[in-house]
Amino acid sequence: VLRDRFGLLLRAETRELPIYVLTQDRRGNKLSPHPDDKPGFPSIQMKGRADITASNATTEMLAQQLSMDLGRPVHNETALDGRYDFHLAWTPDLGMSSEPQSAGTGNDAGGPSIFTAITEQLGLRLESRKGPVPVYVIEKIERPAEN
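What comes next is a walk through the structure. Keep in mind that this is a model prediction, so the values were computed, not measured.

## A closer look at the packing of aromatic side chains
Moving on, step 1. Scanning the entire structure with this criterion turns up one aromatic pair.
Moving on, step 2. The ring of Tyr20 has Arg72 lying over it, and the distance from NZ or CZ to the ring centre is 4.4 Å.

## Quick notes on helix H3 (residues 114-122)
Within an α-helix, residues lying three or four positions from one another point in the same direction, as the helix has 3.6 residues per turn.
Moving on, step 1. For H3, the buried fraction is high: seven of the nine residues fall into the buried class.
Moving on, step 2. The set of residues buried in H3 consists of Ile114, Phe115, Thr116, Ala117, Ile118, Thr119 and Leu122.
Moving on, step 3. Residues of H3 that are buried in the fold lie against strand E1 (9-24), helix H2 (59-70), strand E6 (84-89) and strand E7 (124-140).
Moving on, step 4. Looking one or two residues beyond H3, the residue adopting positive phi is Gly123, at roughly 70 degrees.

## Looking at the pairing of E1
Moving on, step 1. Bridge count between E1 and E7: 16 bridges; the pairing is antiparallel. Residue pairing in the sheet places Val21 in a bridge with Glu127 of E7.
Moving on, step 2. Of the strand pairs in this sheet, E1 and strand E5 (residues 74-76) are connected by three bridges, and their pairing is parallel. Within E5, the residue paired with Tyr20 across the bridge is Val74.

Conventions we followed
Residues numbered from 1 in each chain as written. Predicted model: local features only at pLDDT ≥ 70, side-chain atom pairs only at ≥ 80, totals over all residues. Heavy atoms only, no water. Phe/Tyr/Trp six-rings, centres within 6.5 Å; stacked < 30°, edge-to-face > 60°. Lys NZ or Arg CZ within 6 Å of the ring centre and 35° of its normal. Buried < 20%, exposed > 50% of the residue type's maximum accessible area, 1.4 Å probe, protein only. Helix = DSSP H or I, 4+ residues; strand = E, 2+ residues; numbered from the N terminus. Contact = heavy atoms within 4.5 Å. Pairing = 2+ DSSP bridges.

Take a look at the structure:
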């Protein structure tokens, strides 16, 4: 419909853009393995803007959720392929910086930033880098003709 009505032409390409990379902290992760005797569907639930509770979830699922919350792709480089139960809570930073705050610092609301919370609560690290991001480029678009 978009191609027929608007003459829309797109092309996909990959560009080097700011991303976050999720890795294990040098002191090791603090994730709790999901008990094998409690089967169930994996889930990650947002409780408010800065509160994640997960059950039977993977670190890849966490990276995907963080991508949505932070508005930037998060690449999972934890090398963890198990399933975990965890809770992550932080104080949202309304002007989300592209650089992590130093450990122990929070934002104006007094709670931990997402970068500090991930390290302290999960034993993981969230680092800002540049990396490959798929994007769509509009090559052509026209005003639609009258009906």
